[in-house]
Amino acid sequence: MLAKRIIPCLDVTAGRVVKGVSFVELRDAGDPVEIARRYDAQGADELTFLDITASSDDRGIIFRIIEQVAEQVFIPLTVGGGVREVQDVRNLLNAGADKVSINTSAVVNPQLVADAAARYGSQCIVVAIDAKQVAPGKWEVFTHGGRKATGLDVVAWATKMQRLGAGEILLTSMDKDGQKSGFDLALTRAVTDALEIPVIASGGVGNLQHLADGVTQGGADAVLAASIFHFGEYTVQQAKQFMAQQGIEVRL
Amino acid sequence: MVDIAVVDYGMGNLRSVEQALRKVAPDLNISVTADPAIVAQAARVVFPGQGAMPDCMRELDARGLREAVITAAGNKPFLGICIGLQMLFEHSAEGDVAGLRILPGDVVRFASDLHDAQGSKLKVPHMGWNHVHHAEHVLWNDIAQDARFYFVHSYYVRPRDKALTQATSDYPQPFVCAVARDNLFAVQFHPEKSANAGLTLLKNFVNWNPV
């Protein structure tokens, strides 16, 4: 039986892993290559790297990090942040990424998703969506690290991205991100029920029950978390054992 | 002398395959190549693939690699991965395209309304870590029965000759995820992304000397 995936997320800037609250207040969590190796040893199913570097000067750093991780860690690696054109997708894949996550640029230019999926296959194109609740049962897509409203409905947008060739959706609740109060389960459920492709729930994990709830109540195919792993609260192995005890299929 | 040729017909990223082979065979000469002559000379051939099968077939032909691949599949240790498994068969429903016709059978898509035993919707592509129930073959040496490997695919192979099957997985029905015949072995999952189980299979391939 297919396992639900647990994906530690590493937000990277200036060569360090950092973690913020609701997209601000960054806190240093360590060296990305070292952290990646640790999560691999703990049994992580995949790793996601988000390059949150603001200035384009430092864009080269993420390539060197991915190259080093890919030489040592043999699980799927997703890399996102600042992907603007098909050439960016190509460069990240060549550095060792298995999947590339596209966020703001998908909104600015939806054809990028179609072009990248046609060129490299849907299996390596993840569309990341930052969602904010605007009414009960209704969420809006935000871009530029959560700063800019788009007017797009999240479910409609996710459905369009699936149609254009996205292989997976990385769905982050901006309301929940960094709050440690659990995923936005209604958001997760609304998107996963509308789609054929897998959905990764993200934003808000504060304990292991939250991870399990993302699967059992949210219907997520994979759950992503950062700070509960970075700061030593839980290991990936502990998370998996907890989920297995709740009857969730995981890779132990 | 190239020990292992990884066939590069321009579809996507072969770096992961190359890295994993270097990890298990640090002393071997591994070449990621689009040159039919190198494929012909290499001691072993790895035939990966990702993306859509019609594109893969077109690009393989555009680079003049078809004959080299068919010949290698018949005369030296040969490992197909993902679309590199599917292309070995006669026909794929993906784009209604002919394959290399090395193995009898076809390639079909998972149904779009699948559900698991608990009634949850099963997504397509089948993406993630699933159990692999395997037969007896040296490429499974030191790999636990029902070990998990990493999959990402929407189509699966249906060999007409049941004796080809070397492993099955389930989604939710059993489907064939590995085949073998003589010097040829091919898998639907990605050993290069399947942590220790995958590296073990690659190491077994590198050490494989089929008679």
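Keep in mind that what you see is a predicted model, and the values were worked out from it rather than measured.

Novice: Just checking my understanding: could you explain unusual backbone geometry for this structure?
Specialist: Negative phi values dominate among residues other than glycine, just as trans dominates among peptide bonds. Residue and element names in this part refer to chain B. Cis rather than trans, the peptide bond between Val124 and Pro125 has omega equal to 15°. By the element assignment, Pro125 lies in the loop between strand 7 (105–109) and strand 8 (126–134). Residue Tyr171 is joined to Pro172 through a cis peptide bond whose omega torsion reads -20°. Counting through the fold element by element, Pro172 comes out in the loop between strand 11 (165–170) and strand 12 (174–181). Phi at Arg101 takes a positive value of approximately 60°, unusual for a residue other than glycine. Relative to the helices and strands, Arg101 resides in the loop between strand 6 (97–98) and strand 7. Positive phi outside glycine occurs at Asp142, with the angle close to 65°.

Novice: Hey, could you run me through helix 7 (residues 185–194) of chain A in this one?
Specialist: An α-helix turns once per 3.6 residues; consequently, residues spaced three or four apart project the same way. All names here are of chain A. The set of residues buried in helix 7 consists of Leu187, Thr188, Val191 and Thr192. The arc that holds every buried residue of helix 7, seen down its axis, measures 115°, which confines them to one face. Those residues of helix 7 hidden inside the fold are in contact with strand 7 (125–135), strand 8 (138–143), helix 6 (154–164), strand 10 (168–173), strand 11 (199–202) and helix 8 (208–216). Near the N-terminus of helix 7, the side chain that reaches the backbone nitrogen of Ala186, with its oxygen 3.3 Å away, is that of Asp184.

Novice: Hey, could you run me through the side chain of Asp45(A) in this one?
Specialist: Its location among the elements puts Asp45(A) in the loop between helix 1 (32–41) and strand 4 (47–51). When near neighbours in sequence (up to four residues on either side) are disregarded, Asp45(A) contacts Lys4(A), Arg5(A), Ile6(A), Ile75(A), Pro76(A), Lys240(A), Arg251(A) and Trp129(B).

Novice: Hey, could you run me through the interface of chain A and chain B in this one?
Specialist: Many descriptions give the size of an interface as the accessible area lost when the pieces come together. Between chain A and chain B, the contact holds 39 residues from the first and 35 residues from the second. Taking both sides of the interface into account, the surface hidden between chain A and chain B amounts to around 2900 Å²; carbon and sulfur atoms contribute 51%. Among the residues of chain A in contact with chain B, Met1(A), Leu2(A) and Phe74(A) are the three that bury the most area, contributing 28% of the side total. Where chain A touches chain B, the interface holds three salt bridges. Among the salt bridges present, the one from Lys193(B) reaches Asp98(A), with a minimum N-O distance of 2.8 Å. Inspection of the region where chain A meets chain B yields 26 residue pairs in polar contact (both at pLDDT 80 or more). Looking at the side of chain A that touches chain B, the elements that each hand over two or more residues are helix 2 (60–72), helix 3 (86–95), helix 5 (111–120) and helix 7 of chain A. Class assignment for the residues of the side of chain A that touches chain B results in 19 nonpolar, six polar and 14 charged.

Novice: I'm lost on the packing of helix 8 of chain A against helix 10 (residues 236–245) of chain A in this one. Help?
Specialist: Each packed pair of helices is defined by two parameters, the angle between the axes and the distance between the axes. All names here are of chain A. Running from N to C, helix 8 and helix 10 point in directions that differ by 55°, and their axes come no closer than 9 Å. As judged from the angle between their axes, helix 8 and helix 10 are oblique. In the crossing of helix 8 with helix 10, the sense of the turn from one axis to the other is right-handed. Contacts between helix 8 and helix 10 involve Leu208, Gln209, Leu211, Ala212 and Val215 on the former and, on the latter, Gln238, Ala239, Phe242 and Met243.

Novice: Hey, could you run me through the pattern of salt bridges in this one?
Specialist: Close approach of charged atoms allows side chains of opposite charge to pair. Following the criterion strictly, the structure yields 22 salt bridges over all chains and no others. A salt bridge links Asp153(A) to Lys138(A); the shortest N-O distance between them is 3.2 Å. Placement of Asp153(A) in strand 9 (residues 148–153) and of Lys138(A) in strand 8 is noted, with a sequence separation of 15 residues between them. Taking the relative accessible area as the measure of exposure, Lys138(A) reaches 40% and is therefore partly exposed. Glu249(A) is the partner of Arg148(B) in a salt bridge, and the nearest nitrogen-oxygen pair spans 2.6 Å. Taken as a pair, Arg148(B) in strand 9 (residues 147–153) and Glu249(A) in the segment after helix 10 lie in two separate chains rather than in one. Of the residues examined, Arg148(B) reaches a relative accessible area of 10% and is grouped as buried. Its relative accessible area of 26% is what places Glu249(A) among the partly exposed residues. The network of salt bridges with common partners includes Arg5(A), Glu46(A), Lys99(A) and Glu168(A).

Novice: Quick question: what am I supposed to make of the environment of Phe47(B) here?
Specialist: Residues and elements named next belong to chain B. Take Phe47: it is sitting in strand 3 (residues 44–47). Classification of Phe47 as buried rests on a relative accessible area of 0%. The spatial distance from the C-alpha of Phe47 to the C-alpha of Val6 is 6.1 Å, given a sequence separation of 41 residues. Ignoring anything within four residues of it in the chain, the contact list for Phe47 reads Val7, Tyr9, Leu60, Val69, Phe78, Leu79, Gly80, Ile81, Gly84, Met87, Leu88 and Leu100.

Novice: Quick question: what am I supposed to make of the packing of helix 1 (residues 15–24) of chain B against helix 6 (residues 195–206) of chain B here?
Specialist: Residues and elements named next belong to chain B. Interaxial distance between helix 1 and helix 6 falls to 9 Å at its minimum, and their mutual angle equals 70°. The angle between helix 1 and helix 6 places the two elements in the roughly perpendicular class. For helix 1 against helix 6, the interelement crossing comes out right-handed. On helix 6, the residues that touch Ala20, Leu21, Lys23 and Val24 of helix 1 are Leu199, Leu202, Lys203 and Val206. Its residues assigned to classes, the contact of helix 1 with helix 6 shows six nonpolar, no polar and two charged.

Novice: Can you help me understand the environment of Glu85(A) in this one?
Specialist: Residues and elements named next belong to chain A. For Glu85, the location among the structural elements is in the loop between strand 5 (77–80) and helix 3. Exposure remark for Glu85: the relative accessible area of 46% places this residue in the partly exposed category. With 24 residues separating them along the chain, Glu85 and Asn109 place their C-alpha atoms 9.1 Å apart.

Cut-offs used in this document
- Residues numbered from 1 in each chain as written.
- Chains lettered and ligands numbered in written order.
- Predicted model: local features only at pLDDT ≥ 70, side-chain atom pairs only at ≥ 80, totals over all residues.
- Heavy atoms only, no water.
- Helix = DSSP H or I, 4+ residues; strand = E, 2+ residues; numbered from the N terminus.
- Buried < 20%, exposed > 50% of the residue type's maximum accessible area, 1.4 Å probe, protein only.
- Arc of directions from axis to C-beta.
- Contact = heavy atoms within 4.5 Å.
- Polar contact = N/O pair within 3.5 Å; in protein donor to acceptor, adjacent residues only side chain to side chain.
- Buried area = accessible area lost by both parts, 1.4 Å probe.
- Salt bridge = Lys/Arg side-chain N within 4 Å of Asp/Glu carboxyl O.
- Nonpolar A, V, L, I, M, F, W, Y, C, P; charged D, E, K, R; others polar.
- Axes fitted to C-alpha atoms, helices over the stretch in contact; angles between N-to-C directions.
- Parallel < 35°, antiparallel > 145°, perpendicular 65-115°, else oblique.
- Left-handed = near helix turned anticlockwise from the far one by under 90°.

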